[in-house]
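A look at the structure
Here is what each chain is made of, one letter per residue.
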Amino acid sequence: MYSWILMLVVLTVMTLAYQLGRRRAIMTVGGPAQMKHLHSLPAYYGLYAALWAGIPALLLMGLWIGFQDQIIIGLVTNSLPPGVREGLSSGQISLLINDIRNLATGNIVSAQVTPEIQAAADHYNQLQSVSQWAMWAAVLALALSGSAFAWLRTQPRMRARNRVESIFLISMIVFSSIAILTTLGIVLSVVFESLRFFQMVSPLEFFFGTNWSPQIALRSDQVGASGAFGTIPLFTGTLMISVIAMLVAVPIGLLSAIYLSEYASRQVRAAAKPILEVLAGIPTVVYGFFAALTVAPFIRSVGAAMGLEVASESALAAGLVMGVMIIPFVSSLSDDVINAVPQSLRDGSYALGATQSETIRYVIIPAALPGIVGSILLAVSRAIGETMIVVMAAGLSANLTANPLESVTTVTVQIVTLLTGDQEFDSAKTLAAFALGLTLFIVTLALNVIALSIVRKYREQYE
Amino acid sequence: MNTLVETMNKTTTGAISAAELAKDRPSAATIGDVTVANPRMTCRNVDVWYGSKQAIKNVSLDLGKNEVLSMIGPSGCGKSTFLRCLNRMNDTIPGCRVTGSIKLNGQDIYDKGLDPVLLRAQVGMVFQKPNPFPKSIYENVAYGPRIHGLTNNKAELDELVETSLRKAGLWDEVKDRLDQPGTGLSGGQQQRLCIARTIAVSPEVILMDEPCSALDPIATAIIEELIDELRANYTIAIVTHSMQQAARVSQRTAYFHLGDLIEVGETNQIFTNPQHKLTEDYITGRFG
Amino acid sequence: MNTLVETMNKTTTGAISAAELAKDRPSAATIGDVTVANPRMTCRNVDVWYGSKQAIKNVSLDLGKNEVLSMIGPSGCGKSTFLRCLNRMNDTIPGCRVTGSIKLNGQDIYDKGLDPVLLRAQVGMVFQKPNPFPKSIYENVAYGPRIHGLTNNKAELDELVETSLRKAGLWDEVKDRLDQPGTGLSGGQQQRLCIARTIAVSPEVILMDEPCSALDPIATAIIEELIDELRANYTIAIVTHSMQQAARVSQRTAYFHLGDLIEVGETNQIFTNPQHKLTEDYITGRFG
Amino acid sequence: RDNLYIVGSSTVFPFSTAVAETFGRTTKFKTPKVESTGTGGGMKLFCAGVGVEHPDITNASRPMKLSEYEACQAAGVKEITEVKIGFDGIVIANSKKAGAWDLSLKDVYLALAKDVPDGKGGFMANPYKTWKDVNPELPDLKIEVLGPPPTSGTRDAFVELAMEGGCNSIPQIKELKKSDEKKHKAVCQGIREDGAYIEAGENDNLIVQKLVANPSALGIFGYSFLDQNTDKVQGAKINGVAPTYETISQGSYPVSRSIYFYVKKAHVGTIPGIEEYVKEFTSEKAWGPNGYLADKGLIALPDAERKAVAEAARSLKSMEKPAK
Amino acid sequence: MNELTSNPPGRPRRTLDIVQASLKRRYARERRFRFLGATAVILGLTFVVLLFADIILKGYTAFQQTYIRLPIELAAESIDPDGTRDPETLAQADYMKLIREALQARFPDVTERNERRLLSSMISVGAADLLRQQVMDDPDLIGTTQEFWILAAADIDMLIKGHIDRKAAEADRRVKDQMIGWIERLEAEGRIAKRFNTIFFTHGNSREPELSGIAGALMGSFYTLLLTLVLSFPIGVGAALYLEEFAPKNRWTDLIEVNINNLAAVPSIVFGLLGLAVFITFFGVPRSTPLVAALVLTLMTLPTIIIASRAALKSVPPSIREAALGVGASPLQTQFHHVLPLAMPGMLTGTIIGMAQALGETAPLLMIGMIAFIVDIPKGFTDVATVLPVQIYLWADSPERGFVERTSAAIMVLLAFLFAMNLAAVLLRRRFERRW
Ligand SMILES: Nc1ncnc2c1ncn2[C@@H]1O[C@H](COP(=O)(O)OP(=O)(O)OP(=O)(O)O)[C@@H](O)[C@H]1O
Ligand SMILES: Nc1ncnc2c1ncn2[C@@H]1O[C@H](COP(=O)(O)OP(=O)(O)OP(=O)(O)O)[C@@H](O)[C@H]1O
Ligand SMILES: [Mg+2]
Ligand SMILES: [Mg+2]
Ligand SMILES: O=P([O-])([O-])[O-]
């Protein structure tokens, strides 16, 4: 609570520092009329000061809030009479501290309040308030000295803009590296378990086996029974469902994008685009029910009418509905890039006597291709990552089949069911989820590398 | 050098006062005969608005067969706008309205029944700002013939691309890199590429909006030669800022001013004996 | 008219053979003195590559204080490329490499320590293809002064915008619609807008890539007058295809051919008494 | 932390939350946080250690396994109280639009097993396409059973109770148990994967609705869903016993399992409300045959057992090391 | 004179003839293409309408709730025996008893214990709390007899709404014949009515359908998405800007690009695993809170935003950048003043879609303890909370019939949330859109 106020105070200091820095910069050159002698715009000097005031102070505050609890708890624990904490494990101490804290904050306490505990709670409260005050003082001091430092540094020759910009640039680099860190985190969080898995199940079987059936391995005495962990049916299932989904999403999405950006009136576009975007936000449970209870029976009855054998759960039903879900990924993103193609290119094509559709197909789409491919890749990614629809409409049986009318399952679905089902410690069944995750990661990585090189090849840069 | 500056100063003042004068000019009746003996295109009482701003005011003008018409006039007077009316490229500008009648071979091009695609296949255009497609040089030229199905096989298309590029004087410079993007060319090269692209579909009427503005004299000469050659079979309207160029390539010249067609006539006559004060002011300021 | 076409034919042939001739030319040493007495910028042994294609070959050239240097040469010879080196606009083209030394006021502009932003504030540029910002006309001009903090209040800024637009000869045409998008202007107006935008920040060196290509004679005169006026305080390099323009505005002229700087010298001397065969061929083809 | 932290089985989740809500409403304590993590996931969290960040109670739809118990011990979770709270019947149901089924466990086994006896002393891949193939008295309908996936606890229980039960009713297999236990297990626990058994997700509502849409299919799910949807689906009799509250409670319905929760004793006395929660759960108004949990589909323990368990639970008796 | 104008062999006809001859075909193609486009849009919109109709038809009834009007005697001696109006005492009173008595007074013929139980089971277990609240809000009611609208139990509600068929055999429904008789009597007296379901919008989760509300999940989603947006938009745009405009183009940035594309394909549950390992286990962020959910969802939506933003940046013509650099703008100024505004529509689209995805996502939240029963409405980023899709997931899996309509109603709330969230972005996007 108090930290919010402190944060506001720091923000106020930053605002003040901005104003002062700005004014100081103008003053160092002798008034507004001489502003040309400043290296940068006065606003940059202001920003420079504000950043000096804010960043160290906020960093300190973050660290303080992050660590104060640990430190206070350490202090309280140490000051507990030895009789109280003797023989307690760290977990038990944490429970004790929890109790002390509950007492200190006026929550319900579990057991009898002994004088020692009461004393500890008082101690806790006292430390807490001391820490609060110290934090206020330290943070404010830092904010003020930061401002003062910036104030002193402010002179006409200082490259304020460059400094401010390099802070922005550094933060952008940090942002970009989050993606790398995420990848690293993902790899690290699955790789060890995967290795354990591969100690139990041979990679050969995992990658080339055609039978996926974690049920056989359920019993500890049957771990690794032959053929139980072959992932080929999972990957073919994933492929089939994704392909079906893309067969729905790409034509509908791309044609919608084209229609909306090239043919439709402004009003139609303004209305239709956000409505289509809603498709991306409908919870997948809804799609799942829709696929399982509306689409699947429909396909089944159509199939029956044509004398086809259709399973009640089919890849087709799941794929079709998933395709609907990812339409906006293609339609909206492509619409934006198509809309950004300069008018002069359209003019150039029309002037040669091209019809609108020819212009679109031969000039606009190629020019917008990198963006369109990006949107399609995103849609494919979403299709690969989706579970609920598949579980509800395509079932969970890992069939190795090329028939979309049969039930299949996907890698992601297996990961989710393995992770959320009745897990066991260290059984191949649970660990398989990690191995699947890692494998999927590598497979999609390879696909992306290929996609990137294709896009590079066909990239067309206008102007 | 000083005298030159003085001349310019004088002219400048002249131009500005002319612009002011234009405000209270009498209802602008075009001086000179706007019609020709065998017209390819006829425009009557054409008005063009961009939103509420009128860019072309009641212009009537014919384009004859086998003639080159040049349009001159100060920047912003509506030359490009008028040119764009002739193949309905104005359709693509939101808020642009055209009234009056424009006919191609006797048929109203703004007629509902008329098809802009057919029109534009007959009336080609080279834009003021070169706008090559972000495709290879070859594809840029081959695009038109391809969509219209003008060639029957790859060899014919190759030939057509080559002749078009040759005529635009670009062949030698690009023959080794036909597969490289047209956008990587220099400004003048891009302009010639756009010319090649337009003549590749051999339209009946070719509208050229300052086709030589980015060209050096040699390239300009090639284009002018091309224009002269094309005249035998086509109608050509060319916007230019170079009076010399107008004099060299065109048979008739039209002078625009602030959206009005002030004067039109034989090129020789316009340059030697302009009737309207504005035309004369503009012509005598010649030093392009 | 016929004779004219013949002349052109001749010239064209000449140009092509010149291009062919260039293949086995001797190692091109620039004819004429590339240095000046009080240089603002000095370029030495500048090479520019686009990927593996060399667009500028070992060019050395000085730009003096208070002088206008014009660069001429056939389309695609590297004028724009060279100009873009001078304020490091080439940095933005992927695959473009520059070697050699280019100095502004004695300082190497490709030096690590040098801030290209500062450089570009000192060396302004008008591009070959007009590229107004998709903002209002006012904002287009006000942008530079605003980021550099050249004015202290709105009134000053308004005034600066007005004077810049006036100097570029655009004020009268746009004064009523300063808040309308700069992209809705005619080609020539856009070009003048870009000129106004550049002079609004009053850089020390102004690079102009065919600033008058889309301009009518009157507007051209205004710009030429502006250049002459600016010369008193600034250094100006201008690329032009009009030999007349080069003769009118510049003190020195440089002739480029296929990436080589063939010849440089006093404008008078270049046009009256060119040393190199290529220069002469190009000059004598003059009719722009 | 001043609220209880409960994790575990999704089967017990509805009951646990009902108690938690009443507990929060009727006592001074805060409403506990109940997470539905699945039995195994709950055990994992529960056995991770003692301390505020670890759960106090885990729900389970099966007894704690030896391996889990040992993991708990290793992490310092020494004393655990096991509370058996009732039964969960697993029903085989179909749409009311079709006739009611009467199956024996053997029918179920033969219809769903991966390998069945070939009559010559060996085994063959399940050849039965229709119920009639399995048992001539059954209707001539394609075998189509929607059931839980291998990752689910319900599937475990189904295999253990129904499949194994059915399988042991075949003398040939019963023999096998003595000679080759491994093989016996494989035979009894393997469920066919040729499409006759359809692995549906764990959303039982969806299975109910799919049954309504497809009257010839059967579905396997928990009793509470049957109880709530008596107008749409009907439970098949197994070995002649229909799944009703009474039959499950008495134990005459063969496919029902016990459900539990486990209390971490180390947290009692330090996290407020654990004892009170246990008390609420084991009170007659909650888990009695007329209690609010019965309303939610919990099938109460027989009176005597309930009393005994309640007593043990309230005194937080530590559990023994499980046998397996 | 030349091939274009004379008619050389091989290309005998004029352009006009050729074009005219093929025009019909080309126009047919044009019409087909256009038709296809329109069909695609209509198809897409049809899906939306279909799904919406499905949801609304299933769920609109949840916005009303059945109440029974009963005259309740708020006797002072049973509520406030000391007459102090002390809130503590008022809260302690047994309101359920009052309601039961009132109900029994309507049916004096019901005397048997079991029947009485059945009768009082028509009233929601939460009815007493609601009554208590009403009395505590207006203590002057004490001592009077007032007509109160008492919340009916979920089964009764289902019956009134027709989700339970009165005509079905008694064994096939959860409401016994006897109860139906009582209800018909109450109906005849005009004592049963469906009223607007305020509870749904003001309460947290509950096991009882009639008492359960969406407010807790809504606030959970609000905090989660607010934080997700605050984190993912600047980070996504910043990263896209850096990678597209500033980073040197080399193998390293290629790697990052592929890597980001690949992250988009990582199943969302894996982000949950990551969140569990990194944020909860390593950094000790509290489990089941909007804070940790937002962190995980940020990681999950970042690839979407980055990819869309990069595509948008790519489509800004280089001449704009040159123009700005040419007047001496710094690269950062160029980006912020010129490129970003032009790329903004695409970036906002990426954000809209990413946030929509984050709003509807359950799988990763499974791993970080959001699948939880939480009654209290969260008041901050570190309170235990659940979110809308999880609530929907939980309700969809609940046996009680009353949750069926609530599931759909919750979806409607989620969609309304989505609309509200997108509206701002869509309006913003329209401001930035332009063609040049
Ligand atoms: N981005 C680029 N990538 C590859 N090659 C280029 C690029 N820009 C220019 N070139 C090539 O470099 C050479 C010099 O181009 P430059 O634009 O400098 O010519 P220029 O002298 O300005 O011609 P113009 O008068 O036609 O504008 C030309 O051959 C051109 O095709
Ligand atoms: N898209 C547009 N929206 C609004 N006004 C426009 C638009 N295009 C041109 N104008 C205005 O219409 C008038 C005529 O423009 P036009 O482009 O026809 O001039 P122009 O004669 O071609 O000039 P230039 O020689 O400079 O190219 C100008 O005042 C111009 O500002
Ligand atoms: Mg024009
Ligand atoms: Mg150039
Ligand atoms: O969640 P379960 O372990 O009961 O299936």
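Summary of the structure given here. Bear in mind the structure is a predicted one, so any value in this text is a computation, not a measurement.

So, the overall build of chain D
Looking only at helices and strands, chain D features 15 helices and 13 strands. Taken over C-alpha atoms, the radius of gyration comes to 21 Å for chain D, in line with the 20 Å a tight globule of 324 residues would show. Along the first, second and third principal axes, the C-alpha atoms of chain D reach 60 × 45 × 35 Å. Across the 324 residues of chain D, 64% fall into the buried class. A separation threshold of at least 6 residues defines the contact pool for chain D, and within that pool the share at least 24 residues apart is 72%. Accessible surface, chain D as shown: approximately 11,400 Å² in total, 52% of it carbon and sulfur. Averaging the locations of the 41 positively and 41 negatively charged side chains of chain D gives two centres separated by 1 Å.

Examining the packing of aromatic side chains
All names here are of chain B. Using the criterion set out here, one finds 35 aromatic pairs over all chains in the structure. Taking the centre distance of 5.4 Å and the plane angle of 45° together, the rings of F82 and F256 count as tilted. Linking F82 in helix α2 (residues 79-86) with F256 in strand β9 (residues 252-257), this pair joins segments that are 174 residues apart in sequence. Look at F82 and you get buried, because its relative accessible area is 0%.

Regarding the site of ligand 1
Taken together, 21 residues lie near ligand 1, and B:R177, B:S186, C:S75, C:S80 and C:T81 sit nearest. Looking at what sits near ligand 1, you find residues from chains B and C. One of the side-chain nitrogen or oxygen atoms of B:R177 is found 2.6 Å away from an oxygen atom of ligand 1. Interatomic distance of 2.6 Å between a backbone N/O atom of B:G188 and an oxygen atom of ligand 1. For ligand 1, whose free accessible area comes to 630 Å², the fraction covered by protein is 88%. A class-by-class count of the residues in the shell around ligand 1 yields 5 nonpolar, 12 polar and 4 charged.

Section: the side chain of A:S194
Residues and elements named next belong to chain A. Within the secondary structure, S194 is located in helix α6 (residues 160-200). Among the polar contacts listed, one links the side chain of S194 to the backbone oxygen of V190, at a separation of 2.6 Å. Looking at S194, its side chain comes within polar contact range of the main-chain nitrogen of A435, at 3.5 Å. Residues contacting S194, with those up to four places away along its chain left out, are F434, A435 and L438.

Things to note about the sheet that holds strand β1 (residues 39-50) of chain B
All names here are of chain B. Read from one edge of the open sheet, 4 strands run β2-β1-β4-β5, paired in antiparallel fashion. This sheet does not close on itself; its edge strands, each paired only once, are β2 (53-64) and β5 (107-108). Strands in contact with α2 are β1, β2 and β4 (96-104); relative to β1, the strand with the most contacts, it is inclined by about 125°.

A closer look at the coordination of the magnesium ion (ligand 3)
Residue and element names in this part refer to chain B. At this site the magnesium ion (ligand 3) is bound by S80 (OG) and Q128 (OE1), with donor distances of 1.8 to 2.2 Å. With S80 in helix α2 and Q128 in the loop between β6 (123-126) and α4 (137-148), this residue pair connects regions lying 48 residues apart in the sequence. For S80, a relative accessible area of 18% puts it in the buried group.

Re the site of ligand 5
Residue and element names in this part refer to chain D. Residues in contact with ligand 5, as listed here, are S9, S10, T11, G38, T39, S61 and G153. Between ligand 5 and S9, the relevant distance is 2.5 Å, taken from an oxygen atom to a side-chain nitrogen or oxygen of the residue. In this structure, S61 approaches ligand 5 through a side-chain N or O atom, which is 2.8 Å from an oxygen atom. For ligand 5, whose free accessible area comes to 200 Å², the fraction covered by protein is 96%. Residues belonging to the shell around ligand 5 are distributed by class as follows: no nonpolar, 7 polar and no charged.

With respect to the packing of helix α1 (residues 13-26) of chain D against helix α12 (residues 274-281) of chain D
All names here are of chain D. At their nearest, the axes of α1 and α12 sit 10 Å apart, and the two run at 115° to each other. Considering how the two elements wind past one another, α1 and α12 form a crossing that is right-handed. Residues F15, S16, V19, A20, T22, F23 and T26 of α1 touch α12, and the partners they reach there are E276, Y277, E280 and F281. Of the residues that constitute the contact of α1 with α12, the class distribution is 6 nonpolar, 3 polar and 2 charged.

Concerning the interface of chain E and chain A
Taken together, the contacts link 89 residues of chain E with 96 residues of chain A. Around 8,300 Å² of area is buried between chain E and chain A when both sides are counted, 72% of it from carbon and sulfur atoms. Scanning the region where chain E abuts chain A turns up 3 salt bridges. Where E:E361 meets A:R382, a salt bridge forms, and the shortest distance between an N and an O atom there is 3.8 Å. The tally of links from chain E across to chain A stands at 14 residue pairs in polar contact (both at pLDDT 80 or more). Per element, the largest residue contribution to the side of chain E that touches chain A is 20 residues, and it comes from helix α1 (residues 15-59) of chain E. A per-class count over the side of chain E that touches chain A returns 58 nonpolar, 18 polar and 13 charged.

A few points about the state of the cysteines
All names here are of chain D. This model, assessed by the stated rule, comprises 2 disulfides over all chains. What pairs with C47 in a disulfide is C72, and their sulfur atoms sit 1.9 Å apart. Here C47 and C72 share a disulfide; its torsion about the S-S bond, -70°, makes the bridge left-handed. Highlighted residues: C47 in the loop between α2 (39-46) and β3 (57-60) and C72 in helix α3 (residues 66-74), separated in sequence by 25 residues. Given the relative accessible area of 4%, C47 is considered buried. The disulfide that involves C167 links it to C188, with 1.6 Å between the sulfurs.

What to know about the pairing of β6(B)
All names here are of chain B. Burial of the side chains of β6 extends over both faces: V123 and M125 are buried on one face and G124 and V126 on the other. Here β6 runs beside strand β7 (residues 205-209); their pairing, made up of 4 bridges, is parallel. Residue pairing for β7: M125 is matched across the bridge by L207.

The rules we used
Residues numbered from 1 in each chain as written. Chains lettered and ligands numbered in written order. Predicted model: local features only at pLDDT ≥ 70, side-chain atom pairs only at ≥ 80, totals over all residues. Heavy atoms only, no water. Helix = DSSP H or I, 4+ residues; strand = E, 2+ residues; numbered from the N terminus. Rg over C-alpha atoms; globule rule 2.2 N^0.38 Å. Buried < 20%, exposed > 50% of the residue type's maximum accessible area, 1.4 Å probe, protein only. Contact = heavy atoms within 4.5 Å. Areas by Shrake-Rupley, 256 points an atom, 1.4 Å probe, with all protein chains shown as cover. Lys, Arg positive; Asp, Glu negative; His and termini not counted. Charge placed at Lys NZ, Arg CZ, Asp CG, Glu CD. Phe/Tyr/Trp six-rings, centres within 6.5 Å; stacked < 30°, edge-to-face > 60°. Near = heavy atom within 4 Å. Polar contact = N/O pair within 3.5 Å; in protein donor to acceptor, adjacent residues only side chain to side chain. Nonpolar A, V, L, I, M, F, W, Y, C, P; charged D, E, K, R; others polar. Pairing = 2+ DSSP bridges. Axes fitted to C-alpha atoms, helices over the stretch in contact; angles between N-to-C directions. Donors = N, O, S within 2.8 Å, 3.2 Å for Na, K, Ca; no water. Left-handed = near helix turned anticlockwise from the far one by under 90°. Buried area = accessible area lost by both parts, 1.4 Å probe. Salt bridge = Lys/Arg side-chain N within 4 Å of Asp/Glu carboxyl O. Disulfide = S-S within 2.5 Å.

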